[in-house]
Amino acid sequence: MNVLVIGSGGREHAIVWKVRQSPKLKNLYALPGNPGTAGLAENVSGISIDDHAAIVAFCKSKQIDLVIVGPEAPLASGIVDSLSAEGIRCFGPKQAAAQIEASKVFAKDFMARYKIPTARYATFYQFDEAIRYLQTVDYPIVIKASGLAAGKGVILPETIHEAKSTLKSILVDKAFGDAGDEVIIEERLVGQEVSLMAFTDGTSVLPMLPAQDHKRLLDGDEGPNTGGMGAYAPTPVFTDELLQEAIEKVLQPAIDGLRKERRTFIGVLYAGLMLTNNGIRTLEFNCRFGDPETQVTLPLLETDLLEIAEACVDSRLNEMNIRWKNGAAVCVVLANKGYPEKPEGEKTILFDELPEDMICFHAGTKFDKENIVTSGGRVFGLTACAGDIENAVEKVYANIEKVSFEGMHFRKDIADRALEGA
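To start, this report covers the structure provided alongside it. A quick note: this is a predicted structure, and the numbers were derived from the prediction, not measured.

Reading guide: rules and limits
- Sequence positions are assigned chain by chain, starting from 1 and proceeding in written order.
- Totals for whole chains, interfaces and linings use every residue, but because this is a predicted model, local features are given only for residues with pLDDT of at least 70 and side-chain atom pairs only at 80 or more, for both listing and counting.
- Calculated side-chain values reflect all of the structure's heavy atoms, with hydrogen atoms and water omitted.
- A 1.4 Å probe rolled over the protein chains alone gives each residue an accessible area, and that area as a share of the maximum for its type sets the label: buried under 20%, exposed over 50%, partly exposed in between.
- Each helix corresponds to a stretch of at least 4 residues labelled H or I by DSSP, and each strand to a stretch of at least 2 residues labelled E; elements are numbered beginning at the N terminus.
- Every case where a carboxyl oxygen of Asp or Glu lies within 4 Å of a side-chain nitrogen of Lys or Arg is listed as a salt bridge.
- Nitrogen and oxygen atoms within 3.5 Å of one another constitute a polar contact, given that in protein one can donate a hydrogen and the other can accept it, and given that sequence-neighbouring residues count only through two side-chain atoms.
- Any two residues whose heavy atoms approach within 4.5 Å at even a single point are treated as in contact.
- The criterion for strand pairing is that DSSP finds at least two bridges linking the strands in question.
- We call a crossover right-handed when, viewed with both strands directed away from the observer, the connection leading from the first strand over the helix to the second proceeds clockwise.
- Axis lines are fitted through C-alpha atoms, for helices just across the contact stretch, and the angle between N-to-C directions can take any value from 0 to 180 degrees.
- Put simply, a nonpolar core is a bunch of buried Ala, Val, Leu, Ile, Met, Phe, Trp, Tyr and Cys residues held in one set by side-chain atoms that sit within 4.5 Å of each other.
- Every angle not falling under 35 degrees, over 145, or within 65 to 115 is termed oblique; those three ranges are roughly parallel, roughly antiparallel and roughly perpendicular.
- Polarity classes work like this: nonpolar for Ala, Val, Leu, Ile, Met, Phe, Trp, Tyr, Cys and Pro, charged for Asp, Glu, Lys and Arg, and polar for all others, with Gly in that last group.
- Definitions for this section: a left-handed crossing has its near helix turned counterclockwise from the far helix by less than a right angle. A right-handed crossing has that turn clockwise.

### Some words on helix α6 (residues 104–113)
Counting buried positions over the ten residues of α6 gives seven, a clear majority of the element. Those residues of α6 that fall on the buried side of the exposure criterion are Lys104, Val105, Phe106, Ala107, Lys108, Phe110 and Met111. Positioned one or two residues after α6, Lys115 has a phi angle of 55°, which is positive.

### What about the pattern of salt bridges?
Scanning the model with the defined rule gives 28 salt bridges in all. Where Glu86 meets Lys60, a salt bridge forms, and the shortest distance between an N and an O atom there is 2.7 Å. Of this pair, Glu86 sits in the loop between α4 (79–85) and β5 (90–91) while Lys60 sits in helix α2 (residues 52–61); the two residues are 26 residues apart in sequence, bridging distant segments of the chain. The class for Lys60 is partly exposed, based on a relative accessible area of 48%. Of the charged contacts in the structure, one is a salt bridge between Lys366 and Glu346, with a shortest N-O distance of 2.5 Å. Here Glu346 lies in the loop between β18 (328–335) and β19 (350–351) and Lys366 lies in strand β21 (residues 365–368), a separation of 20 residues in the sequence. Residue classification places Lys366 among the partly exposed positions, given a relative accessible area of 34%. Overlapping salt bridges, with partners in common, bring together Arg11, Glu12, Glu72, Glu101 and Arg288 in one network.

### Points about the environment of Ser146
Mapped onto the secondary structure, Ser146 falls in the loop between β7 (141–145) and β8 (154–155). You can call Ser146 buried: its relative accessible area is 3%. In the structure, Ser146 is positioned 123 residues away from Leu269 in sequence and 18 Å away in space, judged by C-alpha atoms. In terms of polar contacts, Ser146 uses its side chain to reach the backbone amide nitrogen of Val105, at 3.2 Å.

### Quick word on the side chain of Thr365
Looking at the element boundaries, Thr365 is found in strand β21. Looking at Thr365, its side chain comes within polar contact range of the side chain of His362, at 3.0 Å. Not counting chain neighbours up to four residues away, the residues in contact with Thr365 comprise Asn34, Pro35, Ile349, Ile372, Val373, Thr374, Ser375, Val379 and Phe380.

### Looking at the pairing of strand β2 (residues 27–32)
Here strand β1 (residues 2–7) runs beside β2; their pairing, made up of six bridges, is parallel. Bridge pairing in β2 links Asn2 to Asn27. In terms of handedness, the path from β1 via helix α1 (residues 10–19) over to β2 forms a crossover that is right-handed. Bridge count for β2 against strand β3 (residues 42–43) is two bridges, and the pairing is parallel. For Ala30, the partnering residue across the bridge sits in β3 and is Asn43.

### Considering the sheet that holds strand β23 (residues 378–386)
Taken in spatial order, the five strands of this open sheet run β12-β15-β18-β23-β20, and their pairing is antiparallel. Edge strands, defined here as strands with exactly one partner in the open sheet, are β12 (212–213) and β20 (358–362). Bridge count between β12 and strand β15 (residues 230–233): two bridges; the pairing is antiparallel. Bridge pairing links Asp213 to Ala231 in β15. Packed onto the sheet, helix α12 (residues 389–398) meets β15, β18, β20 and β23 and runs at close to 30° relative to β18.

### A closer look at the nonpolar core
Core analysis: the biggest nonpolar cluster contains 47 residues, and Leu4, Ile55, Val67, Leu83, Ile100 and Phe285 have the highest contact counts within it. The element best represented in this core is helix α9 (residues 240–260), accounting for seven residues. The residues touching Val67, leaving out its near neighbours within four places in the chain, are Leu4, Ile6, Cys59, Leu83, Ile88, Arg89, Cys90 and Phe91. Listed in part, the 45 residues of the second largest apolar core include Val3, Trp17, Ala211 and Ala233.

### Remarks on the packing of helix α5 (residues 95–102) against α6
The N-to-C vectors of α5 and α6 enclose an angle of 95°; their axes lie 6 Å apart at closest approach. The angle between the axes of α5 and α6 places the two elements in the roughly perpendicular class. Across the interface between the two elements, Gln99, Ile100, Glu101 and Ala102 from α5 touch Lys104, Phe106, Ala107 and Phe110 from α6. Split by residue class, the contact of α5 with α6 holds five nonpolar, one polar and two charged.

### Some thoughts on the packing of helix α7 (residues 127–134) against helix α8 (residues 160–172)
In a pair of packed helices, the angle between the axes and the distance between the axes together describe the arrangement. In the contact formed by α7 and α8, the axes pass within 10 Å of each other and the chain directions differ by 160°. Considering their axes alone, α7 and α8 lie roughly antiparallel with respect to each other. For the pair α7 and α8, the sense of crossing is right-handed. Contacts between α7 and α8 pair Phe127, Ala130, Ile131 and Leu134 from the former with Ile160, Ala163, Lys164, Leu167, Lys168, Leu171 and Val172 from the latter. Grouping the constituent residues of the contact of α7 with α8 by class yields nine nonpolar, no polar and two charged.

So, in structure tokens, the structure goes:
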């Protein structure tokens, strides 16, 4: 098969790395890819991921058999619709189904329609109305920009003053642009958060290993929200009973509801779940692989990813038996100083050889002549695999300085919750 992976981050490097292992693969392309994918695939430069016509033309010229879309933005803009219209097979949802991530307002209303357990919420378009509602709320809240905000549109205000300031920045000052035209004020839930991704062909749902992301910048879950500072899988707190509950009450109703509304969802459905004292609650849905969760789930996947993707596209996922390796994986994100606000400029990266069962997934890197330099906030996801979480944590932190650049920042407590419960 000739395969194209769209995207340039750590998630896409992980997808390319996994697809590269398939015996079904003939040629592999990454558009635009990054220095990490360059050794595994042919990186495609000069075509924007927003240029649907150019991507269609490229797929035709290279006789692409399957396209895997990594990021949410091209899915929300309808890249799968454009490719499908030209007969190009695509692993990812069409625009109407991707709405479940592209609009948090749509997602919350959708959950209400299909009785998918979630937090109390209200939606606002006007600053004054949101402020008036704020005065009536007697529980801790979360404020969310409805549209796509690169993982930064969820704010957890600690005071009423901070909440008002946040609403002003989103609705009045347009801190997130059009993504903040609508705002959700939602009940803040208490409990452990789990990321549950699942493969789906629009009818059947097969979950991946549960993972736990660490969204706050600093140790102890302090500091601003980020796109994710690390992850581990599987998550011990998420028992088989909770997995079954999530399938029956969250994943399957979501897929059935989308199909009922003629928004058939093919690809990866990601449910962000909170384990509360009152049971599972759904925080959000994403329409693609998570980042950095992908960097810990795919290394543990034993089944050929291309076989799974084909089964989803061909509506025969129910025939698949997905196998997972024993053990655990831990990913620590190495970020550029200043992230998430204004990460510092290009820094030269130094590499030493890593041991087996460790992978350095590139996220914010680029080539500068002979060197690889930083080009973004989250620079790498350093992933270690081992027989259990304790050994995976020990391995990743013991080798973390083998990848280094000036101003490198990382959390030192990834997977601590799993170790505390061990």
